[in-house]
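Remarks on the overall topology
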Amino acid sequence: MLDMERYVTRNADAAWRVFEDGAVIVSPTESVMHSLNPVGTRIWELADGTLTMNEILDVIVTEFDVTREQATADMADFASALSDKGMLTIE
Amino acid sequence: MEPMHTIHLEIAEVGLAIHSDNPEFIAQIADRYEGFVRPESAGFSMTVDTERGITTIGEDLPRVTTTGPDTFHFERRDFFMDVDKASRTMAGSCAPNMYSFDSCLRVFFATYLLDLQGIMIHGASAVDTNGTAWLFFGVSGAGKTTTARLSAPRQVLSDELTILRRVGDGYRAYGTPFWGELQKNGDNVNAPLGGVNMLVKDDKAFLESIPARKALQALLPCVLFFAHEPALVNGAVDRIADLVATVPASEMHFLPDNSFWRLFEHA
């Protein structure tokens, strides 16, 4: 299980745009595009390297209708997936 | 020293004075880009050396590199160019054939258009009877060439690559010489862009409006762009995001006939 006290930082080189219904992020080096839902978009916006995953979860459970347990599981999957693609750093 | 020969082109309101000491190369350009030849041009001065040992038609992808605040370099096995946007000059070498030169021009425009609030899209485009241009885009096999072919007698701007540029509060679509199968076609015309339409083959013709995020996702894979530097990629994403925020975006469901034009000519 991912240590939720770790900090997450989005890739500074990624191009990204936020819309009402989510976001699109593009990896410049691989020219790969990812689509994020509203929760994923909010996590991406908060992943500036100054917050731990737990701190981000505090925001998510406040702003969205989701239990902390579900949000934690989703966050772990989300962070791992984007980290594997080089879009997010977990440290 | 061989005398230099020159030909002037204009593509999407970008003038190109092309200089080469190879008269046959200049003659090939005159023939290939007939609809875009001009008696003179105000824009870039392009000097092309065709004798510098490059003779292979390349299959690899071009590479684009920023070399200074106003300069960039691009290359492939069969061409390279150093571009100076400040002095509007570029110089390099190209294999003496139109496949290589066409690719060279495409890479140049794909990169430089960002400075002109423009972008090049894998999309067919044509002008309706009201003088409005419509873009029809999609991946290979989506029906771009079909929609172009079914648009006659309307002015078809391209069946493969359309240039879009922001002009004032809207966008204009420009005819390009970059047609499929390297056909010699196209005219140097442009028209205000009414909307962008993602092609969907169907058994009925209708338009379905799509939200900006979906439009951006659908358009990005259709952008002709070769750079990987973050600033340039961001520029391309910015341009498409602005496009979908400015003009209507739709899924265009169409049959293999010209009935889809009824969707626009009453718009």
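Residues numbered from 1 in each chain as written. Chains lettered and ligands numbered in written order. Predicted model: local features only at pLDDT ≥ 70, side-chain atom pairs only at ≥ 80, totals over all residues. Heavy atoms only, no water.

Things to note about the sheet that holds strand S8 (residues 89-94) of chain B
Residues and elements named next belong to chain B. We count it as follows: Two strands make a pair as long as DSSP finds a minimum of two bridges between them. Numbering of helices and strands runs from the N terminus; a helix is a DSSP stretch of H or I covering at least four residues, while a strand is a stretch of E covering at least two. In what follows, residue pairs with any heavy atoms lying within 4.5 Å of each other are defined as contacts. Comment: axis = line fitted to C-alpha atoms, over the contacting stretch for helices; angle = value between 0 and 180 degrees taken between N-to-C directions.
Read across the open sheet, the 8 strands follow the order S3-S1-S2-S4-S8-S7-S6-S5; overall the sheet is mixed. Of all the strands in the sheet, just strand S3 (37-38) and strand S5 (63-68) have a single pairing partner and so form its edges. When strand S4 (residues 43-49) meets S8, the two strands line up parallel, connected through 5 bridges. Paired with Ser45 across the two strands is Thr89, which belongs to S8. Its contacts with the sheet place helix H1 (residues 23-32) against strand S1 (5-11), strand S2 (14-20), S3 and S4, and it is angled at close to 25° to S1.

Some remarks on the interface of chain B and chain A
Selection rule: The buried area of a pairing is the accessible area, by a 1.4 Å probe, that goes missing from both parts when the two are put together, added over both. Here a salt bridge means any side-chain nitrogen of Lys or Arg lying within 4 Å of a carboxyl oxygen belonging to Asp or Glu. A 3.5 Å cut-off defines polar contacts: any pair of N or O atoms within that distance qualifies, except that in protein one atom must be a possible hydrogen donor and the other a possible acceptor, and neighbouring residues in sequence count only when both atoms are side-chain atoms. Think of it as three bins: nonpolar holds Ala, Val, Leu, Ile, Met, Phe, Trp, Tyr, Cys and Pro, charged holds Asp, Glu, Lys and Arg, and polar takes everything else, Gly as well.
In this complex, chain B contributes 14 residues to the contact, which on the side of chain A involves 17 residues. Between chain B and chain A, a total of about 1300 Å² is buried, with carbon and sulfur atoms accounting for 65% of that surface. When the buried surface of chain B facing chain A is broken down by residue, Arg213, Gln217 and His228 of chain B rank first, second and third, together holding 41% of it. Viewed at the interface, chain A and chain B are joined by 2 salt bridges. Note that Arg17 of chain A and Asp238 of chain B form a salt bridge whose closest N and O atoms lie 2.3 Å from each other. At the surface where chain B touches chain A, the tally comes to 5 residue pairs in polar contact (both at pLDDT 80 or more). Listed by contribution, the elements that provide at least two residues to the side of chain B that touches chain A are helix H4 (212-219) and helix H5 (230-246) of chain B. Take the side of chain B that touches chain A: its biggest share by element is 6 residues, from H5 of chain B. Its residues assigned to classes, the side of chain B that touches chain A shows 9 nonpolar, 3 polar and 2 charged.

Focus on the sheet that holds strand S2 (residues 15-19) of chain A
All names here are of chain A. Pairing in this open sheet of 3 strands is antiparallel, and the strands run S2-S3-S4 from one edge to the other. In this open sheet, the two edge strands, each paired with only one partner strand, are S2 and strand S4 (32-36). Sheet twist, expressed as the mean angle between neighbouring strand axes with direction ignored, is 15°. In terms of strand pairing, strand S3 (residues 22-27) meets S4 through 5 bridges, oriented antiparallel. Looking across to S4, one finds that Ser27 is bridged to Val32.

Digging into the pattern of salt bridges
Residues and elements named next belong to chain B. Let me state the cut-off plainly: Here the term buried applies to any residue with accessible area under 20% of the maximum for its type, exposed to any over 50%, and partly exposed to those in between, with areas from a 1.4 Å probe on protein chains only.
Across all of its chains, the model carries 16 salt bridges over all chains by this definition. Where Arg32 meets Asp102, a salt bridge forms, and the shortest distance between an N and an O atom there is 2.8 Å. One end of the pair, Arg32, is in helix H1; the other, Asp102, is in helix H2 (residues 98-112), and 70 residues separate them in sequence. Overall, Arg32 belongs to the buried group, its relative accessible area being 6%. Taking the shortest distance from any N to any O, the salt bridge between Asp203 and Lys204 comes out at 3.4 Å. Of the residues examined, Lys204 reaches a relative accessible area of 46% and is grouped as partly exposed. Three or more residues joined by partner-sharing salt bridges are found here, namely Arg32, Asp102, Arg106 and Glu160.

Comments concerning the packing of H4 of chain B against H5 of chain B
All names here are of chain B. Formally: Roughly parallel means an angle under 35 degrees; roughly antiparallel, over 145; roughly perpendicular, 65 to 115; everything else is oblique. Take the far helix as your reference; a near helix turned counterclockwise from it by less than a right angle gives a left-handed crossing, and one turned clockwise gives a right-handed crossing.
Packing of H4 against H5 brings their axes to within 9 Å, and their N-to-C directions diverge by 135°. In this view, H4 runs oblique relative to H5, as classed from their interaxial angle. Crossing geometry of H4 relative to H5 is assigned as right-handed. In this structure, H4 contributes Ala212, Ala215, Leu216 and Leu219 to the contact, and H5 contributes Val237, Ile240, Ala241, Leu243 and Val244.

A look at the side chain of Thr162 of chain B
Assignment of secondary structure puts Thr162 of chain B in strand S12 (residues 161-167). Once residues lying within four places of it in the same chain are set aside, the contact partners of Thr162 of chain B are Ile119, Met120, Ile121, Gly123, Ala124, Ser125, Leu135, Ala173, Tyr174 and Thr176 of chain B.

Here's the deal with unusual backbone geometry
Residue and element names in this part refer to chain B. Omega for the peptide link from Ala152 to Pro153 comes to 10°, which places this bond in the cis form. Its place among the elements puts Pro153 in the loop between helix H3 (144-149) and strand S11 (156-158). For Ala12, which is not a glycine, the phi torsion comes out positive at approximately 50°. Within the secondary structure, Ala12 is located in the loop between S1 and S2. Overall, the relative accessible area of 0% leaves Ala12 in the buried class. Within the chain, Gln117 stands out as a residue other than glycine whose phi angle is a positive 55°. With respect to the secondary-structure elements, Gln117 resides in the loop between H2 and strand S9 (118-127). Gln117 sits in the partly exposed class, given a relative accessible area of 39%.

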